[in-house]
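Architecture and fold: a report
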Amino acid sequence: MNALWLSHFTATSAIGRGLQQTFAALHQQRGGLVSCAFDTVDLPTFIGEVSGVDAVQLPSQLFAFDCRNNRLALLGLQQDGFADAVAAASNKYGAQRVGVFIGTSTSGILQTELAYRRLDPASGALPADFNYGTTHNTFSVADFTRHYLGLNGPAVVVSSACSSSAKVFASARRMMAAGLIDAAVVGGVDSLCLTTLYGFNSLGLISTQACRPFDTTRDGISIGEAAAFALLERVPEQLDENAVLLLGVGESSDAHHMSSPHPEGLGARMAMQDALTMACLDAADIDYINLHGTATQSNDAAESKAISTLFGPNTACSSTKGATGHTLGAAGGMGAVICALALRHGLLPAGLNTQQLDPALPLNYLLQNREQPVNRVLSNSFGFGGTNCSLIFGRAGSGV
């Protein structure tokens with residue numbers, strides 16, 4: 001199957017609600033990381049929290065889905081006319097011919113954390129109003145999304161840690177190629193919770209500062225939250241030259257270690273090469289790489305080796321996690337939307353917070369924005385267990 005069209009897309013994160021605010025933050029090199037004051041968390045770290053999530057109210061008929069993750073999903077779906085665009089696609093193809101593919105890592109686990117605070121003191125039972133299936137369950141966010149959008153097609157959740165919402169593009173593409181659906185809502189939603197904050201802290205992976213990807217003194221991640229969505233359709237005969245296309249997808253599993261990447265970046269390199277092969281492109285055809293770039297010592301080193309081997313030292317690249325934080329299961333979706341904005345506006349976004357590039361990582365890492373024509377970009381998302389995914393996007397007018 002040929003390229004797919006991102007007919008609509010949107011993102012909501014710590015740097016803004018919707019495309020206008022997100023692009024403005026990128027253009028102004030303005031980050032959204034703040035000192036952690038989330039819930040009862042007592043950790044010296046920075047987070048990328050989306051303001052106003054607690055005030056979001058789900059429609060009354062969907063109240064069973066009420067949790068922070070689904071509130072964040074709703075907030076994201078309400079931006080940039082995205083729900084209206086999906087409604088138009090549903091009318092065009094039929095509600096049963098539009099699939100939903102969402103990536104998440106922890107889903108609504110905060111709802112379970114809150115429920116445990118209200119255990120029955122005598123029996124230890126969870127509170128009667130707690131509903132695991134529509135909140136904590138990883139499928140909850142896809143189920144909520146399809147109900148809210150009124151879709152009846154296949155609904156899938158991918159939960160492969162930090163590659164989750166990149167891999168949904170591959171899942172949707174395969175199902176469209178098989179002729180099972182005509183369009184797909186793809187994306188990622190992950191929200192803050194105590195499990196991720198304290199869990200990553202127990203692994204020694206949390207930075208006490210706003211994270212500094214590829215910095216010589218980098219010391220860990222800053223956790224964020226986000227909701228990012230795209231509507232995938234087949235490419236029509238007539239298309240604006242600035243339309244964004246999904247050109248290639250590469251997936252791999254290096255299975256090196258449960259929480260550490262292959263030290264030579266083997267799986268990362270395989271995923272990037274497979275994406276290039278699918279897109280019928282060479283490494284030199286890529287104008288910009290949105291790095292996974294979590295700001296841990298091992299991740300940045302492994303990714304740098306993979307890119308150096310495949311692309312050499314000249315391809316412009318940066319990690320935008322210094323702005324948004326690491327949004328975990330939503331990171332692939334956020335990276336996809338940021339790449340789409342780069343193509344649409346001709347902006348290569350700088351990596352924030354990084355002061356002194358690690359000389360052991362020979363990359364053309366952008367410390368300042370670069371404005372130039374952008375035709376093809378690659379986005380990396382690598383998860384625990386060595387589950388890797390690379391996406392290539394292109395501008396329709398670039399001749400691809």
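1. Topic: the overall build of the chain
When helices and strands are tallied, the chain shows 11 helices and 17 strands. Taken against the 2.2 N^0.38 rule, which gives 21 Å for 400 residues, the C-alpha radius of gyration of the chain at 20 Å falls within 12% of a compact globule. Summarising its shape, the C-alpha atoms of the chain cover approximately 65 × 50 × 40 Å along the three principal directions. Taken over 400 residues, the chain has a buried fraction of 61%. Of all intrachain contacts in the chain linking residues separated by at least 6 positions in sequence, the fraction that spans at least 24 positions is 79%.

2. A look at unusual backbone geometry
If you check the backbone angles, Asp 80 has positive phi at about 60° while not being a glycine. Within the secondary structure, Asp 80 is located in the loop between helix 2 (68-77) and helix 3 (82-93). Residue class for Asp 80 comes out partly exposed when judged on its relative accessible area of 38%. The phi angle at Asn 353 is positive, at roughly 80°, despite the residue not being glycine.

3. Considering the side chain of Glu 233
The residue Glu 233 is located in strand 9 (residues 226-234) in this model. Despite being buried, Glu 233 has no salt bridge partner; Lys 92 is the closest side chain of opposite charge, sitting 4.2 Å away. In contact with Glu 233, other than residues within four places in its own chain, are Leu 4, Trp 5, Ser 7, Lys 92, Tyr 93, Met 176, Asp 182 and Ala 183.

4. Concerning the packing of aromatic side chains
Enumeration according to the criterion identifies five aromatic pairs in this entry. Pairwise contacts between aromatic rings join Phe 65, Phe 144 and Tyr 148 into one cluster.

5. Re helix 9 (residues 297-311)
Helix length check: helix 9, at 15 residues, gives a terminal C-alpha distance of 21 Å against a target of 21 Å (1.5 Å per residue), a fit within 8%. Where helix 9 is concerned, the buried positions are Asn 299, Asp 300, Ala 302, Glu 303, Ser 304, Ala 306, Ile 307, Leu 310 and Phe 311. At the C-terminal side of helix 9, Gly 312 shows a positive phi close to 80°.

6. Some points on the nonpolar core
Counting 49 residues, the largest nonpolar core has Phe 9, Phe 169, Val 186, Leu 232 and Phe 393 as the members making the most contacts within it. The element best represented in this core is helix 11 (residues 331-345), accounting for eight residues.

7. Some points on the pattern of salt bridges
Side-chain pairs of opposite charge can arise where the charged atoms are in close proximity. Evaluated as defined, the whole model comprises 14 salt bridges. In this structure, the salt-bridge partner of Arg 97 is Asp 182, at a minimum N-O distance of 2.9 Å. A residue pair is termed long-range when its members are at least 10 positions apart, and Arg 97 in the loop between helix 3 and strand 5 (98-103) and Asp 182 in the loop between helix 6 (164-177) and strand 7 (183-190) qualify at 85 residues. For Arg 97, a relative accessible area of 23% corresponds to the partly exposed category. You can call Asp 182 buried: its relative accessible area is 18%. When the shortest N-O distance is used, the salt bridge between Arg 218 and Asp 300 registers 3.5 Å. Remark: Asp 300 occurs in helix 9 and Arg 218 occurs in the loop between helix 7 (194-202) and strand 8 (223-224); sequence separation between them is 82 residues. Residue class for Asp 300 comes out buried when judged on its relative accessible area of 0%. Among the charged side chains, a network of salt bridges with common partners joins Glu 49, Asp 54, Arg 68 and Glu 225.

8. Some remarks on the sheet that holds strand 8
Strands pair in a sheet through their backbones, by hydrogen bonds, and they do so in one of two ways: parallel or antiparallel. Strand order in the open sheet formed by three strands is 3-4-8, and the pairing between neighbours is mixed. Both edges of this open sheet fall to strand 3 (34-35) and strand 8, since each of them pairs with a single strand only. Here two bridges tie strand 3 to strand 4 (residues 46-48), and the two strands are oriented antiparallel to one another. Bridge assignment links Ser 35 to a residue of strand 4, and that residue is Phe 46.

9. Structural notes on the packing of helix 8 (residues 266-279) against helix 9
Look at helix 8 against helix 9: their axes get within 8 Å of each other, and the N-to-C directions meet at 40°. Here helix 8 lies oblique to helix 9, going by the angle between them. Crossing hand, helix 8 versus helix 9: right-handed. Facing helix 8, whose interface residues are Ala 268, Arg 269, Met 272, Gln 273 and Leu 276, helix 9 presents Ala 306, Ile 307, Thr 309, Leu 310 and Phe 311. Partitioning the contact of helix 8 with helix 9 into residue classes produces seven nonpolar, two polar and one charged.

Conventions we followed
- Residues numbered from 1 in each chain as written.
- Predicted model: local features only at pLDDT ≥ 70, side-chain atom pairs only at ≥ 80, totals over all residues.
- Heavy atoms only, no water.
- Helix = DSSP H or I, 4+ residues; strand = E, 2+ residues; numbered from the N terminus.
- Rg over C-alpha atoms; globule rule 2.2 N^0.38 Å.
- Buried < 20%, exposed > 50% of the residue type's maximum accessible area, 1.4 Å probe, protein only.
- Contact = heavy atoms within 4.5 Å.
- Lys, Arg positive; Asp, Glu negative; His and termini not counted.
- Salt bridge = Lys/Arg side-chain N within 4 Å of Asp/Glu carboxyl O.
- Phe/Tyr/Trp six-rings, centres within 6.5 Å; stacked < 30°, edge-to-face > 60°.
- Expected span 1.5 Å × (residues − 1).
- Core = buried A, V, L, I, M, F, W, Y, C linked by side-chain atoms within 4.5 Å.
- Pairing = 2+ DSSP bridges.
- Axes fitted to C-alpha atoms, helices over the stretch in contact; angles between N-to-C directions.
- Parallel < 35°, antiparallel > 145°, perpendicular 65-115°, else oblique.
- Left-handed = near helix turned anticlockwise from the far one by under 90°.
- Nonpolar A, V, L, I, M, F, W, Y, C, P; charged D, E, K, R; others polar.

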